[in-house]
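Secondary and tertiary structure notes
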Amino acid sequence: MSADTTLLLARHGQTVWHAENRYAGVSDVPLTDTGRAQAEALGRWAAAHPVDAIWTSPLSRAVITADPACRALGLTPHREPGLRECDFGVLEGRTLAQFAAEDAAAAEAFRTDPVAHPFPGAENPAAAAERGAAALRRVAAAHPGGRVLVVAHNTLFRLVLCTLLSIPAREYRRVFPRLRNAAISELLVKTDGSAALLSLNVPCEPERP
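A word on the pairing of strand β2 (residues 53-56). The two faces of β2 match: A53 and W55 on one face and I54 and T56 on the other face are all buried. Taken together, the four bridges between β2 and strand β4 (residues 147-152) define a ladder with parallel strand orientation. Paired with T56 across the bridge in β4 is V151. Where β2 lies against strand β3 (residues 78-79), two bridges are found, and the strand directions are parallel. Residue W55 lies in a different strand from β3, and its bridge partner there is H78. This β-α-β element, β2 to helix α2 (residues 60-73) to β3, shows right-handed connectivity.

Below, the structure is given as structure tokens:
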């Protein structure tokens, strides 16, 4: 039996800030009705595709999104501090367009290379990528050969995917434009810590027309 671990990565459901394209970061922002419906859909997906364990970011939007899946499978979620979202500094609760209206040069520098030019007061993106990658490796090591649902965040996951797939972190916005809320991305983490992306942004239920 292979000791490689399959991680099913899911971004949390829509929040009141994400509906307006505001950066949530480390702020504890509640889900919208749509976000709660997405969480329930993820729970139905888990019931049909059982996993051995469920891990989440400590932020409430991730914990609440994972709850229906935990109930469906009778699992107690594990919370991993390393899976929290990046701190976006002055952009917490604001949009990139608002920031650009105040400082067009800084906004353009961010768009060109978001790792070299993070928002003022933000967490270092390269450090966040290493933090998140280490967290996913710990999760994988805790469940050798298993299947694990991991519910966390858009920017953190994109940075971590770049790190684990040997893609320059500065390319995360271009290579992974957006992880959809509650969609599944399948990542195989091997025993040597390397990884392979098997699928990206697969809806947990058929999208309504």
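What follows is about the packing of aromatic side chains. On inspection of all chains with the given rule, the structure shows four aromatic pairs. Put simply, the rings of Y23, F88, F99, F110 and F119 pair up and form one aromatic cluster.

Taken in spatial order, the six strands of this open sheet run β3-β2-β4-β1-β5-β6, and their pairing is mixed. Among the strands making up the open sheet, the edge pair consists of β3 and β6 (195-202). Relative to β6, strand β5 (residues 184-189) runs antiparallel, the two sharing five bridges. Looking at β6, one finds that I184 is bridged to V202.

This structure, assessed with the given rule, holds one cavity of 30 Å³ or more. As a volume, the largest cavity reaches approximately 90 Å³. Looking at the lining of the largest cavity residue by residue, the class counts come to 10 nonpolar, one polar and two charged.

Attention now moves to helix α6 (residues 154-164). For α6, the buried fraction is high: 10 of the 11 residues fall into the buried class. Burial in α6 covers these residues: N154, T155, L156, F157, R158, L159, V160, L161, C162 and L164. On the buried face of α6, the contacting elements are β1 (5-11), α5 (125-142), β4, α7 (172-175), β5 and β6.

Take unusual backbone geometry next. Glycine aside, a negative phi is what most residues show, and trans is what most peptide bonds show. Unlike most non-glycine residues, S166 shows phi in positive territory, near 60°. Mapped onto the fold, S166 is located in the loop between α6 and α7. A positive phi is found at N201, a non-glycine position, where the angle reads about 60°. Inspection of the secondary structure assignment puts N201 in strand β6. By relative accessible area, N201 is classed as buried at 15%.

This next bit is on the packing of α5 against α6. For the pair α5 and α6, the least separation of the axes is 8 Å and the interaxial angle reads 80°. Compared by their axis directions, α5 and α6 come out roughly perpendicular. Residue-level inspection shows P125, A128, A129, E130, R131, G132, A133, L136 and R137 of α5 in contact with α6, the latter providing L156, L159, V160, T163 and L164. Taken together, the residues of the contact of α5 with α6 break down into nine nonpolar, two polar and three charged.

Procedures and definitions
Along each chain, the written sequence defines residue order, and numbers are assigned to residues from 1. Whole-chain, interface and lining totals are the exception, using all residues; otherwise, since this is a predicted model, local features are given only for residues with pLDDT of at least 70 and side-chain atom pairs are given and counted only at 80 or more. Hydrogens are left out, water is left out, and the side-chain values use all remaining heavy atoms of the structure. Relative accessible area decides the class of each residue, using a 1.4 Å probe on protein chains only: under 20% of the type maximum gives buried, over 50% gives exposed, and in between gives partly exposed. Starting at the N terminus, helices and strands are each numbered in turn, a helix being any DSSP run of H or I of at least four residues and a strand any DSSP run of E of at least two. Two strands make a pair as long as DSSP finds a minimum of two bridges between them. By convention, a crossover is right-handed whenever its connection, traced from the first strand over the helix to the second and viewed with the strands pointing away, goes clockwise. For Phe, Tyr and Trp, rings pair up if their centres lie within 6.5 Å, where Trp contributes its six-membered ring, and each pair is then called stacked (planes under 30 degrees apart), edge-to-face (over 60) or tilted (otherwise). Points on a 1 Å grid, built from protein atoms alone, make a cavity when a 1.4 Å probe fits but cannot get out and make a pocket when they are open with protein on both sides within 12 Å along at least 5 of 7 lines; residues with an atom within 4 Å of a point are the lining residues. Grid points are joined across faces, edges and corners, and a volume is the space filled by probe spheres set on the points. For this scheme, ten residues count as nonpolar: Ala, Val, Leu, Ile, Met, Phe, Trp, Tyr, Cys and Pro. Four count as charged, namely Asp, Glu, Lys and Arg, and the remainder, Gly too, count as polar. Here, residues are in contact when the closest pair of their heavy atoms is within 4.5 Å. Helix axes are fitted to C-alpha atoms over the stretch in contact, other axes to C-alpha atoms as well, and angles between N-to-C directions run from 0 to 180 degrees. When an angle is under 35 degrees it counts as roughly parallel; over 145 it counts as roughly antiparallel; between 65 and 115 it counts as roughly perpendicular; any other value is oblique.

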